[in-house]
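Coordinates in review
For reference, the chains in residue letters:
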Amino acid sequence: LQILIPVSANLWLLGTLVLLLYAAVSYWRLCRKVATAVRLEGNVYGSDRIDTPFALGIIKPRIYIPFGMSDTAKEYILAHEYYHLKRLDHVVTPVAFCILALHWFNPLCWLAFNRMSLDMELSCDEAVLSKYGSEDMKKCYTKTLTLAYSVVRYTFVLSDHFAVGVHKVSFFYI
């Protein structure tokens, strides 16, 4: 028992440090990826180096969208991303990830983090769908979401934990 407690504590600390280091490297890589983004309007930036829209940043969040979106799709996606910013999802997600990093050994924390991400996305979708009342608009928004989800590359759950947006829903289904 005298050996088990220090070994367990060191293992926990190592796991926490690995997750936080991975988070820092992922954030740095994502920032480098959007460094060449072009300002379109306000805090909205366009980039040809991304596949799906997302919001990034805690203090001064920016919305990044891929080039080549139709005006209608852009309107829906921006409404979705602005709803994330309105609810402070860009602050909640990194805080929740730091809590997850501290409790990395608990599978229920991983489940809770993934469910939280899914709930954030679905509630934003619901808000946008309720905003656009007509059935034609709802069908168009649903089509936009389907197209956005279809280009998602399934990646490890941690890769974009500091960005909130359409792409995060896919992480639950890995």
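These remarks concern the structure in this document.

Cut-offs applied
Residues numbered from 1 in each chain as written. Predicted model: local features only at pLDDT ≥ 70, side-chain atom pairs only at ≥ 80, totals over all residues. Heavy atoms only, no water. Helix = DSSP H or I, 4+ residues; strand = E, 2+ residues; numbered from the N terminus. Buried < 20%, exposed > 50% of the residue type's maximum accessible area, 1.4 Å probe, protein only. Contact = heavy atoms within 4.5 Å. Phe/Tyr/Trp six-rings, centres within 6.5 Å; stacked < 30°, edge-to-face > 60°.

Digging into the environment of Ala79
Relative to the helices and strands, Ala79 is located in helix H2 (residues 71-86). Taking the relative accessible area as the measure of exposure, Ala79 reaches 14% and is therefore buried. With sequence-adjacent residues up to four places away left out, Ala79 is seen in contact with Val128, Lys131 and Tyr132.

Points about the packing of aromatic side chains
In total, this model carries four aromatic pairs according to the counting rule given. Summarising the aromatic geometry, the rings of Tyr45 and Tyr64 are spaced 5.7 Å apart at their centres and angled 35° between planes, so their arrangement reads as tilted. Of this pair, Tyr45 sits in strand S2 (residues 44-47) while Tyr64 sits in strand S4 (residues 62-66); the two residues are 19 residues apart in sequence, bridging distant segments of the chain. The exposure class assigned to Tyr45 is buried, which follows from its relative accessible area of 11%. On the accessibility criterion, Tyr64 (6% relative accessible area) is buried. Summarising the aromatic geometry, the rings of Phe97 and Phe113 are spaced 6.1 Å apart at their centres and angled 65° between planes, so their arrangement reads as edge-to-face. With a gap of 16 residues between them, Phe97 in helix H3 (residues 89-102) and Phe113 in helix H4 (residues 107-131) connect regions that are remote in the sequence.

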